[in-house]
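Remarks on the overall topology
In case you want the letters, here they are:
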Amino acid sequence: MEGSIKKKDVRALTLEQLREFFTTNGDKAFRGNQVYEWLWHKSAHSFDVMTNISKETRDLLTANFVINHIKVDQMQRSKDGTIKNAVRLYDDLVVESVLIPTSTRTTACVSSQVGCSLDCKFCATARLKRMRNLNPDEIYDQVVAIDNESRLYFGRPLSNIVFMGMGEPLMNYNNVLKAIDMITSAKGLGMSPKRITVSTSGVPKMIRKMADGEVKFKLAVSLHSAIDEIRTSIMPFNATFTLKDLREALQYWYVKTKSRITYEYVVWEGVNDTQKDADALVDFCRFAPSKVNLIEYNPIDDGVFQQADNRAIDMYVKTLERKGVIVTVRRSRGKDIDAACGQLANKS
Ligand code: SAH
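Right, let's walk through the structure included here. (Residues numbered from 1 in each chain as written. Predicted model: local features only at pLDDT ≥ 70, side-chain atom pairs only at ≥ 80, totals over all residues. Heavy atoms only, no water.)

Bringing a positive patch on the surface into the picture now. A cluster of basic residues, Arg 105, Arg 195, Lys 218, Arg 260 and Arg 330, forms a positive patch on the protein surface. Relative accessible area serves as the criterion here: at 42%, Lys 218 is assigned to the partly exposed category. (Patch = residues over 30% accessible without salt bridge, like charges linked within 9 Å, V, L, I, M, F, W, Y side chains within 5 Å. Areas by Shrake-Rupley, 256 points an atom, 1.4 Å probe, with all protein chains shown as cover. Salt bridge = Lys/Arg side-chain N within 4 Å of Asp/Glu carboxyl O. Lys, Arg positive; Asp, Glu negative; His and termini not counted. Charge placed at Lys NZ, Arg CZ, Asp CG, Glu CD. Buried < 20%, exposed > 50% of the residue type's maximum accessible area, 1.4 Å probe, protein only.)

Here it is, written out as structure tokens:
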């Protein structure tokens, strides 16, 4: 660990900067490409494994840089196959990521921040407060770790990534974007951006920025209510980023990207389980092709929120389908190991 905070993390350098490092040190710029390939494509966690590079060059790297890689501290397996990794960062903070297997896919659910600055009343991560943003390499490493586990335990590579772990990805947008660039680049993992979903609680300014960037990944919005008063009571930042602002930003997103929006929605007893709530949701969905995922509530041990009964869910499904909105009812995975949505809170 010693020195790892003082020396610069070599993965904070761009390819150009790495090439420059070598030319200023009397070597060929191409050496930078070789090291870059080791750092990203081959996920090297030490300079010693870079076997096509001379000992002298590796010593030069060691003298100047560290590789601040993550460490999977603890891996838990659910009876449904879901795997949860407790991931230790270079400064000993811990985040969690989850591997969710189905018969046809393996999805990685990754974290973007340590803790979260938002205050959703139903989410365990919200209680941790935000400690810091994750660096691009720390997000990338979570994906690599899950890809390795997918190959090891399920005999196939990772197929999808969702930014639905700890944190609000749009509050760490630059680093999330850099991570996605590396995940989708041939110099990194070469995954298709269409298999990546960024989930946000809805930060209008950042949704517009994403639209302007003409990003190719998908967008999911954690809506939970289309009525301001109710949404503010469960997601207090809605007082600042109101539904009107959110809707306008999403409209902008759709015009720019023509990419369908997915809404994540939990129905709670006595909170948003009436016909009026479902009608408001339909109304909110009207401006663009949308899909609603009705997700199961995963209790976070305080008994304040109760999942609504099947009748309320059926009412939502009927109301949405009648108006032509695609709707799916999602069952949670990995509940027995606290790996389901909203349960990530470093209990261990
Ligand atoms: N901050 C981002 C991503 C992290 S949360 C966002 O808000 O989208 C990932 C998803 O889990 C969100 O849809 C969130 O609303 C949902 N969620 C949070 N707590 C939950 C809980 N206890 N049960 C079910 N879903 C929950």
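Quick look at the pattern of salt bridges now. Tallying each qualifying case throughout the model produces 17 salt bridges. Between Asp 27 and Arg 31 there is a salt bridge whose closest N-O contact spans 3.1 Å. Arg 132 serves as the salt-bridge partner of Glu 138, at 3.0 Å between the closest nitrogen and oxygen. The two residues Glu 138 and Arg 132 agree in class, both being buried. Taken together, the shared-partner salt bridges in this structure form one network comprising Lys 71, Asp 73, Arg 88 and Asp 92.

For Thr 319, the location among the structural elements is in helix α10 (residues 310–322). Given the relative accessible area of 3%, Thr 319 is considered buried. At a separation of 2.7 Å, a polar atom in the side chain of Thr 319 contacts the main-chain carbonyl oxygen of Met 315. In contact with Thr 319, other than residues within four places in its own chain, are Gln 275, Ala 278, Asp 279 and Val 282. (Helix = DSSP H or I, 4+ residues; strand = E, 2+ residues; numbered from the N terminus. Polar contact = N/O pair within 3.5 Å; in protein donor to acceptor, adjacent residues only side chain to side chain. Contact = heavy atoms within 4.5 Å.)

Taken together, 21 residues lie near the ligand, and Phe 122, Ser 199, Ser 222, His 224 and Asn 298 sit nearest. Within the backbone of Thr 200, one N or O atom sits 3.5 Å away from an oxygen atom of the ligand. At a separation of 2.6 Å, an oxygen atom of the ligand approaches a polar side-chain atom of His 224. Burial of the ligand by the surrounding chains reaches 96%, relative to a free accessible area of 540 Å². (Near = heavy atom within 4 Å.)

Keep in mind that these numbers describe shape and distance, not what the molecule does.
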